[in-house]
Amino acid sequence: MWCGTDKQCAMYQHNGEEIFVIDGHVHLWDATEENIKHEGGEEFIQCFYDYHTTFTPEERQWDMDEYREYGADRMVEDLFGNAAADMGIFQPTYLTDFYTEGFNTTEQNAELATEYPERFVLNGTFDPRDGEEGLEYLEELHENYDIPGVKLYTAEWRGDSKGWRLDDEESFEFLETCQELGIENIHAHKGPTIRPLNRDAFDVADIDDAASSFPELDFIVEHVGLPRLDDFCWIAAQENNVYGGLAVAAPFAQNRPGKFSEIMSELLWWLGEDRVIFGSDYAIWNPDWLVEEVMEAELTQEHRAEYGVEWDLETKKKVMGENIAALYDIDIEQKRQAFRDDEISQQFDLGDHYASEEPTAADD
Amino acid sequence: MSTQTSDDTAPTRAAIRDRLDRVTDPELDRSIVELEYIDRIDIDGERVGVDLTLPTALCSPAFAWMMAIDARDEVESLPAVEESRITLHDHMHEAEINRGVNEGLSFAEAFPDADGDVAAVRAELDEKARVARQYDAIEALLDAGLDAGAIVALSRDDLEMTDSTDTVAVYVPDRSFAVTVPNAPIERYLRKARETALVSEPADPLFRTPEGDPIDAESFALVHRRGRLAQVNLSSQGGICDGLREARERRTEESADD
C-alpha cells in the first residue's frame, strides 16, 4: 500500500484510487450560552443537535457542550486528521438576531480560512433586507476576503421579518452586485425547517426565477430542497446553473441506506452526475466518518434498474470533489502537489497521501 | 356508515377508527391509524375522546394542527357523535393546539405569532400527495396493459365498479374493451383528486400534470417520473421525521435513567 495505515487507506482511497474530497459545506460556529441573546438561538442549536444525533453513529456522537463550541483546532483535525477531506468550503450562517457575535459569520470563519488559505475557501453572505448597508458589506467582504461565493439563509429572522425571497427585486440588486464583483457561487439553504425558523421561507421556488435571470451565476441548493426534493429536482432539470448540495441527504447513507439510494438515484436522474455536490454540514455531521459512509454506499439493484444511474467511481469523483472544484476554479492536481508538504500534511503526517498520482511500491 | 348502529346508541369503535383512518399525516400522506399515532379512543355515550401522539412533534405545529382538526372533523361527522375531544400529547405546542381544536379556534387565533397561512400549506401538501398517489394509480393501469395514450385519455366515467369491491373496471376511451385493476390505488388517487378540486366532472381527464393540466401522450413518461419523485420526497421526509423521533426517544429514555 502506498498510504499510511489500512484504516487511513479506507478513508481516502476507493478501490485503490484516490478521490479528492472537497467538503462543500462546513461551519465554525459559536453557540455557547454566553453568545446566545434570543431564545431562538438556543432552539436553533438544540434542533441542530437533534439532526446530529439522528444521523450520527452512536459511538461518534458529541455531547452538547462540545457541540456548542468545538474551536478551530478540533475542526482542522476532524476534517483533515485522517484525510477524510482534502479541502473545505465555509458556508456562513449569521443569525445575528439570535447570537450576539453571530452564529457562524465570515469573520469567525476567517480565523481558519486565512491561516490555511490553500485548504479552505471562505464564502460571504448577503441579506437584501439590509439595503444600502448590506450592499456595502458585500463589497467589504469582497475587498477583505475576495469571497468567491455567498451562503444565503432566506428564512433568517430580522426584526419583524421572518424571511425573504431570492426572486425579490431587492435580492436581484444584490445578485447583480455579485455578478459585477465576480462572486459566482450562490449557495441557498433550502432544506428542513430548523426550529424556530419559518418553513415557507425555505420554499425552493424562488431559485427558479433567480437562476434563469442570472445565467452567469451558479446556484447551489443546499440540502437538495428536502422536504421539497420534488420541486427542487424539477427546477434543476430546467435550469442548468442549478446544483444540488448533499448536506442532510448524505448521512442517510449511514442509517437509512435504502433511502440514500433512492434519493441519490433521483438526483442523478434529474440533474446528472455533474451537478450533485458533497457537503458534510460540519459540525452537524463529521466528515471523519461521513465521507467513508457515502463512498461505500451502494445503489440498490432495484434502483439501478429503475433509474438507469450508477454510483460508481467516476460519479463519486465528480460528486465528492470535481464538480465543486469546477465551480470554484480549484485545480485538483495543483492542490495535490501543494499538499505534499503543507502545514496540515506535516501536522497529520499525510505526505504519503499526496505523494503521487500513480500508485507506487509499498512504502510503509 | 354500514358499521353504524341506530342514531340513539353510542358510535362504535370500528366506525370511529374507520373515520380516523381517512386522516393523513399531510407531510407523509399516510393514515394516522396506519402510522399508529392514535393512543386511545374513549366512548362515553355521544361523546368521543381521541388521544394522539405524533412522531413529527419536531417538524411543524401547522401539521400537528391539521391532523388534530381533521381527526375532530372526521369523528364529529358521524351522526352518533355529539361532541369530540382531541388530546395531543408530547408536542411542544400541545397546549395551543388542544385548546384551539377543542374550542373551535382558527389557526391564526390559536397561534397569534405564527407567520403564514395554514390553508396554503395544506393545499400545497395535498397537491404533492395527489401527484404521488397518481403514480400508484398509473402503475396499476400500466400493469393491466394500458399504454400511455389510453391512460392520458381516461376520464372518471371510464371507471366502473365491479361486483368485487377489490377491483374496478377501466374502459379504454372508445369503450371497445375494459381491463380490471385493483381498486385501492385508484380509489386512493380519486379521493385526493377530489380534495384538490380536480376531476370534479365525470368527463374531466382523470390524470393531470403536477400543475393540474391534462397530460399529452408525449410527456406522459416525464409526468409519471415526477409522480415517482413526489413519492420519494414524501418518504424522505418521513425518514427525517422518524429519525428525529427516534433520537428524541433515546434521549428521553436516557434522561429518565439518570
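All figures in this text were calculated on a predicted structure; none of them were measured in a lab. (Residues numbered from 1 in each chain as written. Chains lettered and ligands numbered in written order. Predicted model: local features only at pLDDT ≥ 70, side-chain atom pairs only at ≥ 80, totals over all residues. Heavy atoms only, no water.)

Before going further, it helps to spend a moment on the sheet that holds strand β8 (residues 178-182) of chain B. Residue and element names in this part refer to chain B. The strand order β6-β7-β8 describes an open sheet built from three strands, whose pairing is antiparallel. Looking at which strands have only one partner, the edges of the open sheet turn out to be β6 (159-161) and β8. Here the average twist between neighbouring strands, direction ignored, is 35°. Relative to strand β7 (residues 167-171), β6 is paired through three bridges, and the arrangement is antiparallel. The residue of β7 that forms the bridge with E160 is A169. Seen against the sheet, helix α7 (residues 183-195) touches β6, β7 and β8 and runs at an angle of roughly 85° to β8. (Pairing = 2+ DSSP bridges. Helix = DSSP H or I, 4+ residues; strand = E, 2+ residues; numbered from the N terminus. Axes fitted to C-alpha atoms, helices over the stretch in contact; angles between N-to-C directions. Contact = heavy atoms within 4.5 Å.)

Let's shift gears to the interface of chain B and chain A. Often the size quoted for an interface is simply the accessible area lost on bringing the parts together. In this complex, chain B contributes 38 residues to the contact, which on the side of chain A involves 34 residues. Taken together, the two surfaces of chain B and chain A that pack against each other cover about 3,100 Å², and 51% of this comes from carbon and sulfur. Put simply, chain B and chain A have six salt bridges between them. Put simply, E306(A) and R225(B) hold a salt bridge, and the shortest N to O gap is 3.8 Å. The interface formed by chain B and chain A includes 14 residue pairs in polar contact (both at pLDDT 80 or more). For the side of chain B that touches chain A, the secondary structure elements donating two or more residues are α2 (61-76), α5 (118-143) and α8 (220-257) of chain B. Tallying contributions element by element places α8(B) first for the side of chain B that touches chain A, with 22 residues. Here the residues of the side of chain B that touches chain A sort into 16 nonpolar, eight polar and 14 charged. (Buried area = accessible area lost by both parts, 1.4 Å probe. Salt bridge = Lys/Arg side-chain N within 4 Å of Asp/Glu carboxyl O. Polar contact = N/O pair within 3.5 Å; in protein donor to acceptor, adjacent residues only side chain to side chain. Nonpolar A, V, L, I, M, F, W, Y, C, P; charged D, E, K, R; others polar.)

Turning next to the environment of G40(A). Summarising the element assignment, G40(A) is placed in helix α2 (residues 39-54). A C-alpha to C-alpha distance of 29 Å links G40(A) and N185(A), two positions 145 residues apart in sequence.

So, about the packing of aromatic side chains. Geometry of an aromatic ring pair is reported as the spacing of the ring centres plus the angle between the planes. A complete count under the given rule lists 31 aromatic pairs over all chains for this structure. Where F172(A) meets F214(A), the ring centres are 5.1 Å apart and the plane angle is 80°; that geometry is what we call edge-to-face. Remark: F214(A) occurs in the loop between α8 (206-213) and β8 (218-222) and F172(A) occurs in helix α7 (residues 169-181); sequence separation between them is 42 residues. Comparing F172(A) with F214(A) shows no difference in burial state: the two are buried. Ring centres 6.4 Å apart and planes at 80° place the aromatic pair W65(B) and F111(B) in the edge-to-face group. Placement of the pair is W65(B) in helix α2 and F111(B) in the loop between α4 (107-110) and α5, with a sequence separation of 46 residues. Here the basic side chain of R119(A) rests over the ring of F80(A), its NZ or CZ set 5.2 Å away from the ring centre. The residue whose ring lies beneath R119(A) is F339(A), and the NZ or CZ to ring-centre distance is 3.8 Å. (Phe/Tyr/Trp six-rings, centres within 6.5 Å; stacked < 30°, edge-to-face > 60°. Buried < 20%, exposed > 50% of the residue type's maximum accessible area, 1.4 Å probe, protein only. Lys NZ or Arg CZ within 6 Å of the ring centre and 35° of its normal.)

Turning next to the side chain of R275(A). Residue and element names in this part refer to chain A. Looking at where R275 falls in the secondary structure, it is placed in the loop between α11 (257-271) and β10 (276-277). A polar contact is formed between the side chain of R275 and the backbone oxygen of E239, at a distance of 3.0 Å. Looking at R275, its side chain comes within polar contact range of the main-chain oxygen of V242, at 2.8 Å. Leaving out residues up to four positions away in the same chain, R275 has contacts with A236, E239, N240, V242, Y243, G244, W270 and N323.

Residues and elements named next belong to chain A. Read across the sheet, three strands follow the order β3-β4-β5 without closing on themselves; strand pairing throughout is parallel. Here the strands that pair on one side only, and so sit at the sheet edges, are β3 (22-26) and β5 (120-122). Strand-to-strand twist of the sheet, defined as the mean angle between neighbouring strand axes without regard to direction, takes the value 20°. Two strands pair when backbone bridges link them, and strand β4 (residues 87-90) and β5 are joined in this way by three bridges, in the parallel orientation. Across the sheet, I89 pairs through a bridge with V121, a residue of β5.

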